[in-house]
Amino acid sequence: MSDWEYGENSCPKCHSEMAWRHCDQCEGGYVEDDDGINGCSLERCDNCNGKGFEEWCRECGWDDVYKCFLSPEYEREYLEKQAASAGSGDTDGSSETGRVSP
Ligand SMILES: [Zn+2]
Ligand SMILES: [Zn+2]
């Protein structure tokens, strides 16, 4: 669980550096399923959603693979922070418009 590093992207939510690591449960996003009737088949990895890596924010808990927060706890914290700091009707956008926070 510790072999992550900072990735190239920044968090779409809080603009912190995103943590990044290879998914340790698959090869390039796919896992071999060898108990199928057809012998060996490749299945999309559930852990990384077929991406082959995981990327998440250590600040606010945003998971950029699944496009959601790692847990409802993180989401609640994030929303509370937004409410506390903004107060300007900033809706945590599903439509990102390159808005720059102060
Ligand atoms: Zn974040
Ligand atoms: Zn995976």
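Residues numbered from 1 in each chain as written. Chains lettered and ligands numbered in written order. Predicted model: local features only at pLDDT ≥ 70, side-chain atom pairs only at ≥ 80, totals over all residues.

A. Expanded view of the overall build of the protein. Each helix and strand counted, the protein has 1 helix and 7 strands in total. Of all 102 residues assigned to the protein, the portion counted as buried reaches 14%. (Helix = DSSP H or I, 4+ residues; strand = E, 2+ residues; numbered from the N terminus. Buried ≥ 20, exposed ≤ 12 C-beta atoms within 10 Å, placed from the backbone.)

B. Region of interest: the confidence of the model for the protein. Averaged over all residues, the pLDDT of the protein equals 86, while 79% of them reach at least 70. Across the protein, element-level confidence peaks in strand β6 (residues 62–63) with a mean pLDDT of 97 and bottoms out in strand β3 (residues 30–36) with 80. (pLDDT = per-residue confidence, 0-100.)

C. Helix α1 (residues 72–85), seen in detail. The end-to-end C-alpha distance of α1, which contains 14 residues, comes to 20 Å, matching closely the 20 Å that a straight helix rising 1.5 Å per residue would cover. Little of α1 is tucked away, with 0 of its 14 residues classed as buried. (Expected span 1.5 Å × (residues − 1).)

D. Expanded view of the environment of E54. Assignment of secondary structure puts E54 in strand β5 (residues 53–57). The class of E54 is buried, set by 22 C-beta atoms lying within 10 Å. Each C-alpha atom, one on E54 and one on M18, is 9.9 Å from the other, the two residues being 36 residues apart in sequence.

E. View of unusual backbone geometry. Despite not being glycine, N49 has its phi angle at roughly 60°, a positive value. By the element assignment, N49 lies in the loop between β4 (39–44) and β5. Backbone geometry at K67 places phi at a positive 55°, although glycine is not the residue there. Counting through the fold element by element, K67 comes out in the loop between β6 and β7 (68–69).

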